[in-house]
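Structural overview
Listed here are the chains, written in short residue letters.
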Amino acid sequence: MCRWLTYCGEPIYLDSVIFEKENSLIHQSLNARRSHVTTNGDGFGIGWYAERPVPGTYRDILPAWNDANLRSIAHQIRSGLFLAHVRASTGTATSRANCHPFAHGKWLFMHNGQVGGYDRIRRKLEALVDDAYYVHRLGTTDSELIFYLMLSLGLDRDPLAAAQKAMGLVVGLMRDAGIAEPLRFTSVFTDGAGIYAVRFATDEAPPSLFWRYENDQLLIVSEPLDDDQRCWHEVPAGQMMVTERNTRVDMVPFLPA
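Overview of the structure.

Cut-off values and rules
Residues numbered from 1 in each chain as written. Predicted model: local features only at pLDDT ≥ 70, side-chain atom pairs only at ≥ 80, totals over all residues. Heavy atoms only, no water. Helix = DSSP H or I, 4+ residues; strand = E, 2+ residues; numbered from the N terminus. Expected span 1.5 Å × (residues − 1). Buried < 20%, exposed > 50% of the residue type's maximum accessible area, 1.4 Å probe, protein only. Phe/Tyr/Trp six-rings, centres within 6.5 Å; stacked < 30°, edge-to-face > 60°. Lys NZ or Arg CZ within 6 Å of the ring centre and 35° of its normal. Contact = heavy atoms within 4.5 Å. Polar contact = N/O pair within 3.5 Å; in protein donor to acceptor, adjacent residues only side chain to side chain.

Our focus in this paragraph is helix α7 (residues 159–176). Taking 1.5 Å per residue as the helical rise, α7 with its 18 residues ought to reach 26 Å, and the 26 Å between its terminal C-alpha atoms agrees with that figure. Every buried residue of α7 is listed here: Pro159, Ala162, Ala163, Gln164, Ala166, Met167, Gly168, Val170, Gly172, Leu173 and Met174. Of the residues trailing α7, glycine 178 is marked for its positive phi of about 70°.

Evaluation of the coordinates by the stated rule reveals 10 aromatic pairs. When the centroid spacing of 5.1 Å and the interplanar angle of 15° are considered together, the rings of phenylalanine 109 and phenylalanine 147 count as stacked. Of the two residues, phenylalanine 109 sits in strand β6 (residues 107–115) while phenylalanine 147 sits in helix α6 (residues 142–152), which places them 38 residues apart along the sequence. With relative accessibility at 0%, the residue phenylalanine 109 sits in the buried group. Consider the rings of phenylalanine 185 and phenylalanine 254, whose centres lie 6.4 Å apart with planes at 25°: the pair is stacked. Remark: phenylalanine 254 occurs in the segment after β13 (249–253) and phenylalanine 185 occurs in strand β7 (residues 183–190); sequence separation between them is 69 residues. Between arginine 78 and the ring centre of tyrosine 13, over which it is positioned, the NZ or CZ distance is 5.4 Å.

Before going further, it helps to examine unusual backbone geometry. Cis geometry is adopted by the peptide bond preceding proline 101, which originates at histidine 100 and carries an omega value of -5°. Checked against the element boundaries, proline 101 lands in the loop between β4 (78–86) and β5 (102–104). The phi angle at asparagine 215 is positive, at roughly 55°, despite the residue not being glycine. Owing to a relative accessible area of 66%, asparagine 215 belongs among the exposed residues under this scheme. In this structure, aspartate 216 takes a positive phi of about 60° despite not being glycine. The residue aspartate 216 is located in the loop between β9 (210–214) and β10 (217–221) in this model.

Turning our attention to the environment of aspartate 67. Mapped onto the elements, aspartate 67 comes out in the loop between β3 (56–60) and α3 (68–76). Excluding anything up to four places from it in sequence, aspartate 67 contacts Phe44, Tyr58, Asp60 and Leu62. Within polar-contact distance, the side chain of aspartate 67 engages the side chain of tyrosine 58 at 3.3 Å. Of the polar contacts made by the side chain of aspartate 67, one reaches the backbone nitrogen of asparagine 69; its length is 3.0 Å.

In structure tokens, the structure reads:
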């Protein structure tokens, strides 16, 4: 499974959380603590918001720990909202187009999990994506496909409804195809203002998701960046975490529609 983090707060240099924490994302790429796949070396990516309304991204196929450009860029860029991801492939190719986070317009999206039996329903899922969005699909992952499906279902208008409808369609196609493998969907997506983080699975093993709010800084992570258990809160399974920049955190039920 992949590892990722989201930061929102006063602008900071990206390397302060990607590289410098006790259990930084770079450390997790080599030795994840809360995943059955301990090494996440199938590429990486960062996405950040700055002075323009659309985010910047940098993605590549090298292991995150072995990319000198990532270290240099993260040392120079300051942002008040950014996402970072290290990838462990669930079967699709290691390519730049398959690295997270995915971007479209003002949106960033990244995911940890998998669609059970993806190859058996991929064609039908792709047919559900609106043509206006499908032309932007560059990779082959279930993650990118889910992102464009959510956009097709009204992500701009109602993020919760779009995500729930997308999961409902995926679950329905899996059921119709007789797929017994689970759907696991732990994801975060943002338009630069609202931040939405989901922890959901059709079995009892949704990928881990934690958050921490301290000193007006919000971190949403696959696993805690340090061992201070008093400060980290687990997102319950079947919940979406919703927050605006510098406002309170709310939890709402997440149910496929």
